[in-house]
Each structure stands twice: as structure tokens, then as C-alpha cells.
Amino acid sequence: MKSFRGLLAAVLLAGFPLLVLAFVGGIVALEVLALQHNIFAAVKLGIITVPVGWILLKTLLTVERATDDDVPGVAVTPENQPALWALVRELADEAGTRPPDEIYLDADVNAAVAERTSWLGLRVLRRRMVIGVPLIMGLRQDQFRAVLAHELGHYSNKDTRFSALTYRGRKSIARVVSGLGRDGYFERFVGWLFGLYAKLYFAVSMSVCRAQEIAADTVSARLAGTEAATSALREIEALAVTWRFFMNNYAAVGWDAGYLPDRFGEGYRALLTDPTRAGQMEEMRQNPSDEPTSRWDTHPATQDRVAKLDAAPRVPVRQGGGGPATELLTGAEKMLDEALFTVFSDEAHTKRRTDWESLVAIGRRHVASGAAAEILGERTLDMALDLLDAGRHEELADPSDTDEQPPAGAGARARREFAAVSVRRRLGVVVYAALTDVGVARWSLSWSGPAPFTLDEPFKDRLSPALDKATSAESDTAPLRALLTAAGVSTGYRPSPTLVRN
């Protein structure tokens, strides 16, 4: 069945250009026939059919091709990473295949192999393996061994032989289908026809890809042990979530302020080893996602892959694989930084670099200053407090917060009470920004949760009650004004996010 699906995918891929050429040939034949009988009918027919034929030919002939310039990540050699290369070569020998000619490290929570081929995949020129440094930083050695064995299994099963051709074929089909608009009946018909063909091809080719993954899992279990292979699958799923969280909530915290961390790897290691985060990862391992995969996914669901491995005869794990995989890589944290900057945008290279504590303080201050500036508008902080003294709470409330809108006909006090929650939240943002700007407060780094806001004494215990009184229906801003004056906040304070860059 697997061979039949693979053969069918190859036939469909080979047949797609023929279908395009046959369709364009049919259009040309119709035009020639029409010209022989009625030139006006030929012109009308050409207006409808020629643009479609041109779209089909143009998109088919402009398929993007992978080149040797598409080098991902940082190249590592047997000289600078001997332990890693030794393991890869050992596993390749056990898998009965030739090891890769090149190994690259990138910043994805993934590993992959590819081959540069000629003669439609019949001749192999170069083999390449790409390994994500986050994997190395998060896996045990036995799990890492299972990951490498899985990828080398693709080589031994010859899955990579036609992968470049298949990839370009998928791009070609997708470009042809997306290039067809939906303006006229004929174009809609052609789009529908080629769309059906594309769905059939993608369904068959994705089925082949999923079968290849299962076969590579079998090699993984054989070379590393069943428990190592299954635990690696679960661990990678947890690491993928953790890595996205790290990049979005920690690494990028100072982006808008113009800063990046000077040591990404150090931060990622700290996140992985934090007790709270480690507990959250364990929860993900024990309760993996049960969402079904799409028929268009190249990989089966992790639970299905684990179930198939568990149902097969168990292979014991080799001894001595309980240590961290980072022991196999010289300077893992440094390599992560290098790998990240090979895929970052040009803008990232213009950012300043700073330590993690400073990054969080700068980034959170920048966000708070921007939010405070939006809340105040053209007002100063003193003018905002004057509004509260005058009972004009609604002017400081969030106009988009419909849950805190008073009912029609509500009195002045009721309107202030409804607005109080929104005003308390928004005024707090402004006051936090002001206190941070004068240096008596700051946001601190926490790997366990959101950055805590720390206020110096003697203001720490006075701030919350002062904000409560200032924003209540019967507003009293005197305690808050006194606190701000004692902290050194000027009466004409207005936040300026650009100060963060100084």
C-alpha cells in the first residue's frame, strides 16, 4: 500500500506539467479553429482563454528552486564539534547509510536531513543535516540519539532522494492554483479543475510523508531504544511550546525599545531549569495535545506515533544516555546565539544588546510608558488627577470597555462608580510609568512568571491605598499627589517612551 501511494504521488507530480501543457494546447487549438471560421468569435474566445493560458504557463515556468545558497544556520565541522560528528557517524553506520557531508545548527526545535541530487534523484551529490540547538539544550543524550537516528532513518529509507523534486512540485502546483483568479466563469472552472488535482496530489503526498515518518520512528527506536524514542517525541512537543514562549515573552521583551539579550542561550537554559517552568513542561509531557492532525500535515500526531512505537516489540535503551545532550556540543549556549543571528532580520542586527535583568527592566518600562502616553493623551498626570477631583472619572475610563458602562439615566455618582475599576487600572499604568521614570520603581526578571513590579520604600505600602482613594467615587487625590511629590515626580509629568532608549 505504501509503495502504491508513493508511485501514485510520483505519477500525479509528473502528470501536473503535462496537464498544464495539455490545457494550454487545447486553448491554442480552440483559437486556431476559431480563427479559421470567425475572427470575431476568435477574438472573444481569446479574451477569455488567453489570460488563463498565460497564467498557467507563467506560474509553471517560474517555480522557485533551492540552491546551495540556501544554507541554514551555522556550519559545524568535525574539528570544532568532534563529539557531535562522532555520534552522527556512529548512528549512520548502525542505520546502514552514509553520514551527512554537512551538519548545520539552527534555532528551530527540529532536526532535518536533505540531499542535493541530480538526474531526478538518481544521483546523490551532497547530504546535509540540520539540528536545532534548542533540542540539544532540552534533551537527554538518549533522546537526542533517538532524534538523530530518526533523521538518519530517512536516509536509509531513501526518503530524501526525491524530496527536493517533490518540494518544488508542491510549490509549482500551489503557485498555479493560487495564480488563477476567480473573475470569470471560465477562470473559475479552470481554478476548480486544477484545485481538485492539487487536493488529490497533496492528500496522496502527505500520506506518503506520514508513512515515511512512521518508518523513520522505527529506526529511531531500533538504534536508541523504545523509551528514548517515545520520550523524545513527547519532549520535543513540550520544548516547541516552551521555545515559542521564551522567544515571545522573554527574548522579544525589549524589541520595541531597541534591545535584545546579549546571551539568548543563557536565558533559555534558565527558563528550562526554573522549577515552575519545569513543572509546566512536565504537565505538557503527561497531557499532550489530543487535537487531531489535518490530512495535509506531513507528520502524524505525536500520540499516534508514540502508540505505534509502544505497540511494537520493545527495544531497551542503551546505558549511559541519561546526561544532558549539551555535553555533546561544545559551547551550546554560544552556538544558540550564533544560530539565531543567522535567521534574524536585518533589523535585529541594529538592536543594542544587554543583560537579561536590564532587558526586562527596559522593555517593560518602554511598554508602560507607551501605554501611559496613550491613556493621558495631551494631559499631564496632574491634569488627570484634577479630573478625578472634579468627579469627571468617565473621561479617564477606557471607552472601549462596554462592561463598565453605566445604564441609561444613571446619576453622576453611579457613573463614577461604574468607571472606577477602569480608571483605577489605567491610572495605575500611568503612575507605574512615572515612578519608574524617576528611578524609585522597576520591573525585575522572573523566569517563573510575569516580571514583578518593585517599588522602593517608603512608597511600597502607600501606593495601592493612594490609588484606591484617588479613583473611588468620592475621589481623594491628596495621598497620591503627596506620594508622587515625595518620589520626585514633577507636577507636569508626561510619559515619553523615547526616554527608554537613552
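Here the residue index of a chain counts from 1 through its sequence in written order. Side-chain atom pairs in this predicted model are given and counted only at pLDDT of 80 or more, local residue features only at pLDDT of at least 70, and totals for whole chains, interfaces and linings cover all residues. Derived side-chain values reflect all non-hydrogen atoms in the structure, with water molecules and hydrogen atoms excluded from consideration.

Engineer: Summarise the overall build of the chain; cite the residues concerned and give the values.
Structural biologist: In DSSP terms, a helix is any run of H or I states spanning at least four residues, a strand is any run of E spanning at least two, and both are numbered starting from the N terminus. Across its full length, the chain carries 17 helices and 8 strands. Counting across all 502 residues of the chain, residues that qualify as buried make up 45%. For the chain, the share of sequence-separated contacts (at least 6 apart) that also reach a separation of at least 24 residues comes to 78%. When the accessible surface of the chain is summed, it comes to about 25,100 Å², and 57% of that surface belongs to carbon and sulfur atoms. For each residue, the accessible area found with a 1.4 Å probe, counting protein chains only, is set against the maximum for its type, and the residue is called buried under 20%, exposed over 50%, and partly exposed in between. The criterion used for residue contact is that any of the two residues' heavy atoms lie within 4.5 Å. Accessible surface is estimated by sampling points in the Shrake-Rupley manner with a 1.4 Å probe; for residues, cover comes only from the protein chains shown.

Engineer: Now, about empty space enclosed by the protein: what can you tell me, with residues and values included?
Structural biologist: Grid spacing is 1 Å over the protein atoms alone, the probe is 1.4 Å, and a cavity is where that probe fits but cannot get out, while a pocket is an open set with protein on both sides within 12 Å along at least five of seven lines and lining residues have an atom within 4 Å of a point. Grid points are joined across faces, edges and corners, and a volume is the space filled by probe spheres set on the points. Within the structure shown, the criterion is met by 1 cavity of 30 Å³ or more. Taken as a whole, the largest cavity holds about 40 Å³ of empty space. When residues of the lining of the largest cavity are traced back to their parent elements, those giving at least two are helix H13 (356–376) and helix H15 (412–437). At 4 residues, the largest contribution of residues to the lining of the largest cavity is made by H15.

Engineer: Run through the environment of Ile375, naming residues and quoting values.
Structural biologist: When you line up the elements, Ile375 lands in helix H13. Look at Ile375 and you get buried, because its relative accessible area is 12%. Not counting chain neighbours up to four residues away, the residues in contact with Ile375 comprise Arg426, Val429 and Val430.

Engineer: Got a sec to walk through the nonpolar core? Specific residues and values, please.
Structural biologist: Note on terminology: a nonpolar core comprises buried Ala, Val, Leu, Ile, Met, Phe, Trp, Tyr and Cys residues joined through side-chain atoms within 4.5 Å. Ranked by size, the top nonpolar core spans 72 residues in total, and within it Leu84, Leu105, Ile131, Phe144, Trp243 and Phe246 carry the most contacts. It is helix H8 (residues 226–251) that contributes the most residues to this core, 12 residues altogether. Leave out the neighbours within four places in its chain, and Phe144 touches Leu84, Leu87, Ile131, Ile136, Leu139, Ala325 and Leu328. The next biggest cluster of nonpolar side chains, apart from the first, holds 34 residues, and it includes Ala419, Val423, Leu455 and Tyr493.

Engineer: Break down the pattern of salt bridges for me, citing the residues and quoting the values.
Structural biologist: Counted as salt bridges are all cases of a side-chain nitrogen of Lys or Arg within 4 Å of a carboxyl oxygen of Asp or Glu. Taken as a whole and assessed by the stated rule, the structure comprises 24 salt bridges. A salt bridge links Asp437 to Arg365, with the shortest nitrogen-to-oxygen separation between them at 2.9 Å. Taken together, the positions of Asp437 in helix H15 and Arg365 in helix H13 put the pair 72 residues apart, joining distant regions of the chain.

Engineer: Help me get a handle on unusual backbone geometry, residues and values and all.
Structural biologist: Note that the residue after Glu457, namely Pro458, is joined by a cis bond; omega there is 5°. Take Pro458: it is sitting in the loop between strand E8 (453–455) and helix H16 (463–471).

Engineer: Just give me the short version of the packing of helix H3 (residues 82–95) against helix H5 (residues 141–156), but keep the residues and values in it.
Structural biologist: Every axis corresponds to a line fitted to the C-alpha atoms, with the helix fit spanning only the stretch in contact, and the corresponding angles, defined between N-to-C directions, vary from 0 to 180 degrees. The interhelical angle for the contact between H3 and H5, taken along N-to-C directions, is 50°, at an axis separation of 9 Å. Compared by their axis directions, H3 and H5 come out oblique. For the pair H3 and H5, the sense of crossing is right-handed. Residue-level contacts link Leu84, Leu87, Val88, Glu90, Leu91, Ala92, Glu94 and Ala95 of H3 to Phe144, Arg145, Leu148, Ala149, Leu152 and Ser156 of H5. Basically, the charged four are Asp, Glu, Lys and Arg, the nonpolar ten are Ala, Val, Leu, Ile, Met, Phe, Trp, Tyr, Cys and Pro, and anything else, Gly included, counts as polar. Across the contact of H3 with H5, the residue classes break down as 10 nonpolar, 1 polar and 3 charged. For classification purposes, an angle smaller than 35 degrees is called roughly parallel, one larger than 145 roughly antiparallel, one from 65 to 115 roughly perpendicular, and anything else oblique. Crossings are classed by handedness, with left-handed meaning an anticlockwise turn of the near helix from the far one by less than a right angle and right-handed meaning a clockwise turn.

Engineer: Account for the environment of Leu376, naming residues and giving values.
Structural biologist: Among the structural elements, Leu376 can be located in helix H13. Setting aside anything within four residues of it in sequence, one finds Leu376 in contact with Leu381, Ala384, Val430, Tyr493 and Pro495.

Engineer: Which residues make up the packing of aromatic side chains, and what values go with them?
Structural biologist: Aromatic ring pairs are defined here through the distance separating the ring centres and the angle between the ring planes. The aromatic pairing rule takes the rings of Phe, Tyr and Trp, using the six-membered ring of Trp, and pairs them if the centres are within 6.5 Å, calling planes under 30 degrees apart stacked, those over 60 edge-to-face and the rest tilted. Per the stated rule, a full pass over the model turns up 13 aromatic pairs. With 6.0 Å between their ring centres and 70° between their planes, Phe264 and Phe341 make a pair best called edge-to-face. Placement of Phe264 in helix H9 (residues 264–273) and of Phe341 in helix H12 (residues 332–343) is noted, with a sequence separation of 77 residues between them. With a relative accessible area of 16%, Phe341 lands in the buried category. Here a set of aromatic residues connected by ring pairs shows up, and it is made of Trp243, Phe245, Phe246, Tyr250, Tyr268, Trp356 and Trp447. In this structure, Arg127 is placed above the aromatic ring of Tyr155, and the distance from its NZ or CZ to the ring centre is 4.1 Å. Note on criteria: charge over ring means Lys NZ or Arg CZ within 6 Å of the ring centre, with the direction from the centre no more than 35 degrees off the ring normal. Lys351 extends its terminal NZ or CZ atom over the ring of Trp255, reaching a point 4.4 Å from the ring centre.

Geometric values such as these leave the question of function open.
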